[in-house]
Structures are given as C-alpha cells and as structure tokens.
Amino acid sequence: MSTELQQIIRLTQLLAGVAVVVGTLELLVVRRAWSDVGIWRWSVLRREMSALGVLLGQRSFTAMLLVRLAAGVALIAGVGAVAPLVAWVTSLLVNLRFRGTYNGGSDHMLMIALTALVITSAGAHSEVVVKAAVVWIGVQSILSYAIAGVAKLVHRSWRNGEAMRAFAGLRAYGAPALASKALGNPAVARYAAWSVLLFECGFPAVLLGPRVAVVFITMAVVFHMVNAGVLGLNRFLLTWAATWPAVWHVATLTGAR
Amino acid sequence: MRNLLARLFLPSWRFFDDAFSSTVLQGCVVSADGGCSAWTDLLEPPTRRSAHLLWNPWGNLTLAKYSLVERMVDEASEASGDPAQLVSYELVVHLAREELRGSHTPASTGFRFRVVERDAKGDSDALLSAEHPW
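Cut-off values and rules
Residues numbered from 1 in each chain as written. Chains lettered and ligands numbered in written order. Predicted model: local features only at pLDDT ≥ 70, side-chain atom pairs only at ≥ 80, totals over all residues. Heavy atoms only, no water. Helix = DSSP H or I, 4+ residues; strand = E, 2+ residues; numbered from the N terminus. Rg over C-alpha atoms; globule rule 2.2 N^0.38 Å. Buried < 20%, exposed > 50% of the residue type's maximum accessible area, 1.4 Å probe, protein only. Contact = heavy atoms within 4.5 Å. 1 Å grid on protein atoms, 1.4 Å probe; cavity = no way out; pocket = protein on both sides within 12 Å on 5 of 7 lines; lining within 4 Å. Points joined across faces, edges and corners; volume = space filled by probe spheres on them. Nonpolar A, V, L, I, M, F, W, Y, C, P; charged D, E, K, R; others polar. Disulfide = S-S within 2.5 Å. Domains from an automatic or database assignment. Buried area = accessible area lost by both parts, 1.4 Å probe. Salt bridge = Lys/Arg side-chain N within 4 Å of Asp/Glu carboxyl O. Polar contact = N/O pair within 3.5 Å; in protein donor to acceptor, adjacent residues only side chain to side chain.

## Looking at the overall build of chain A
- Within chain A, the secondary structure is distributed over 14 helices and zero strands.
- Ordered by position in the sequence, the α and β elements of chain A form the string α-α-α-α-α-α-α-α-α-α-α-α-α-α.
- Relative to the compact-globule value of 18 Å for 257 residues, chain A shows a C-alpha radius of gyration of 20 Å, a close match.
- The C-alpha extent of chain A, read off along each of the three principal axes, is 55 × 50 × 30 Å.
- Taken over 257 residues, chain A has a buried fraction of 56%.
- Sequence-distant contacts, at least 24 apart, represent 72% of the contacts inside chain A between residues at least 6 apart.

## A look at empty space enclosed by the protein
Residues and elements named next belong to chain A.
- Here the structure, examined in full by the defined rule, presents three cavities of 30 Å³ or more.
- There is about 150 Å³ of room inside the largest cavity.
- Around the largest cavity, the lining is made up of 16 residues, and of these G23, R68, D107, L110 and R235 lie nearest the centre.
- When contributions to the lining of the largest cavity are tallied by element, the ones reaching two or more residues are α1 (3-29), α5 (83-97), α6 (105-122) and α13 (234-241).
- Its residues assigned to classes, the lining of the largest cavity shows eight nonpolar, five polar and three charged.

## Observations regarding the layout of surface pockets
Residues and elements named next belong to chain A.
- Of the volumes computed, that of the second largest pocket is approximately 710 Å³.
- In terms of lining, the second largest pocket is formed by 31 residues, of which the most central are M164, V196, F223, V226 and N227.
- The set of elements that each furnish at least two residues to the lining of the second largest pocket consists of α7 (127-153), α9 (162-168), α10 (177-183), α11 (186-202), α12 (210-231) and α13.
- Of the residues that constitute the lining of the second largest pocket, the class distribution is 25 nonpolar, four polar and two charged.

## Side note on the state of the cysteines
All names here are of chain B.
- Applying the stated criterion across every chain yields a total of one disulfide over all chains.
- A sulfur-sulfur distance of 1.6 Å marks the disulfide that ties C28 to C36. Given an S-S torsion of about -50°, the disulfide between C28 and C36 has left-handed geometry.

## Side note on the domain arrangement of chain A
Residue and element names in this part refer to chain A.
- Considered domain by domain, chain A is made up of domain 1 (1-124) and domain 2 (126-257).
- Here domain 1 and domain 2 have C-alpha centroids that lie 24 Å from each other.
- Taken residue by residue, the interface counts 31 residues in domain 1 and 27 residues in domain 2.
- When domain 1 packs against domain 2, the two sides together hide about 2400 Å² of surface, and 73% of this comes from carbon and sulfur.
- Where domain 1 meets domain 2, there are one salt bridge.
- Linking R235 and E26 is a salt bridge whose minimum nitrogen-to-oxygen distance equals 2.9 Å.
- Inspection of the region where domain 1 meets domain 2 yields five residue pairs in polar contact (both at pLDDT 80 or more).
- For the side of domain 1 that touches domain 2, the elements supplying multiple residues, two or more each, are α1 and α6.
- Per-element tally for the side of domain 1 that touches domain 2: the top contributor is α1, with 14 residues.
- In terms of residue class, the side of domain 1 that touches domain 2 is made up of 19 nonpolar, nine polar and three charged.

What follows is the structure in structure tokens.
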C-alpha cells in the first residue's frame, strides 16, 4: 500500500476518532435524557427493539458508551486493529437507541466513515479494497455537499436570501443575535445564501485535482465553523472533517496534480 | 428494526432546504376543573458560546428533541391507528412532562401537549394530545 494512502487512512482514523470521542462524551453529559427517568427511556424503546435489551438498557448502554469512548481514543492513538470495528458496532447501537440517529446527517456520515475504516482494517492486505473504501468516503462527502446545494438551489427562498434569514430565526438553533441581525439585512442574507449555494453546488469541482480540492476543503472548514458557531452544529464540523482526507485522495485520482 | 437501519444507512443529504415551516411543541397545564392554561412553547432555544464550535452537548440534545417531535408527527400521519400507541408519541409524552415540570402545581391534575406547524402565516395544529397525568 502506498505511503500516501496509509497517511490518508491514518488521518481519517484520527479525525473520526475525535468525532466519536466528542459525540460519546456529549451523550454521557446528557445521560439523564436517556436514563430510566428520561425522555428516551428504555422501558418505552424496548417495545420495538426488545432483542437488544442486553445492550441498550440504561446500565448496559452506559457501559457500551464507555467502550465506544475507548474505541474513539484508540482510533485517535492509532492503536488496536479492532478499534474501527468496535467504534462501528457501538455507533450503530447508539443510533438504534435513538431510533435511527441522534443528530441526523452527522451520524449518517460518521457511520459511512467508520464503515470504510472497518473495510480498510479488514482488507488491509488488498490495496484495491482499501482504495475503494477511501474513495467511498470521498464520494459520499462530495455527494453530501452537492445534493444539499442542489436541494437548496431549486428553492426561490434560497436564491433571494430569505431562507438564510428564516434559519437564523428558528428556535431550534438559537442563532446569536448578531447573526440574526446581520441576516435581517436582505443584501447580507442574499450574499450569505449565494455563498452557501456556490460552495455546495461547486464542491464536485474538487474532482479537477488536489489544488482545487485544497481550495474547497479550506472553504469547507470555514463553512462548517460558521455553521457550528451560528447554528451549534459542531458534530457536522467534526464528522465532515474526517471525510476531507478522502476527498483530497479522490481529487488526486481524478484530476491533474 | 429494518426501518431503523434503513433510516441510518440511506442518508438523503438534503440539508436545510426548507426553512419556512418549523415544528413546535407546546404544552399546557390542566387544572382540576379540566381547564387548560395558556399554550407555551416547550423547547427553549439553546444558548450559544464560542466553545460550542467543538463541544455542544445541550445544543445537540435540543436538536434531538426537535427531531423526536418531527418524527412523531411523521409517524402519526402515516399510522392508521391511534397515534398515542406510537413509541415516538410515548417518548414525546415524557419530553413534554419534563419540559413542563417547572409549571407543575398541586392543583393541576396533568398536562396536555400539542404540535403546531409554524410558518409566516401563523400556527396550524398538527397533533393534539389527550390529558396525561404527572
């Protein structure tokens, strides 16, 4: 296997490990919500997943989160050949415990990254298998931006900026007053909306090569940091960061260096 | 279980394409005479700090609560029977009870919740619960 591919996998492991650790610690902090007296209490959930009671009841779920935490740390440290598999299984169980996902898209993308890491770990002897797994992460990441962009572009409200203003006003996100005020200006809202549209719809341009990919990944860092700062979507920043090394690798395969 | 797995492994990637309607959970306290107090929004917006760039457990919990309510409305609209039998409905009962805990008085017998779809034109009811005991 090439040194470059090994480095891509190592970086992906490191960043996915950070996402696993932060996500797990966050769940432990809000443990009352999924305890026996909380919202997602097992006494209700077991109606549709009773077979998993051994793993998902309150005590076993706490223990399982600690195992997931250890797997995340092992991914960061790059130790333990089974760490990706343990992280994958425990992440799957966490998502099932919340009836699909806890935080939507970021959980989807983390499962994709972890699935690929399991494949790279299990198929380490075959460069073709490893490369295919890395490419799969990269393609999913590129698709995620492009599909999200096109889905917005068809809405007039995104093209004229009204959607940006509306999002800043949604209670679920608690956007800072400064951001809401700035987006209250139609010109600022339109500029911000078109920045998002051009970035997301243009993301497949990374396929032109690593230089373009570096530009778009840099924009992605800014994009996700703004989303985390304004909308509180820190998990999207952490999880999508784990896909950027694979995006860069795809760019090296498809474009001119 | 198959639906749960499909939900997890088949992402749509269509993020934030519709900003103009939001699903809002409201609650009221029921008094002994059966009357309902004024409806209030139950899910407070999360506060935002610079640390939330990397660490945001309470903000993510709030988003998970909103997702739970939205999923309940979806499942209730697809269900042929009584929505109160849904797992998601029962979870929302616990959510509403927890959010209304501060409004609990000895004189009140229970609470109700409702889900409204809020857009520029105002609120429209999506689901109204029966009374639930504390």
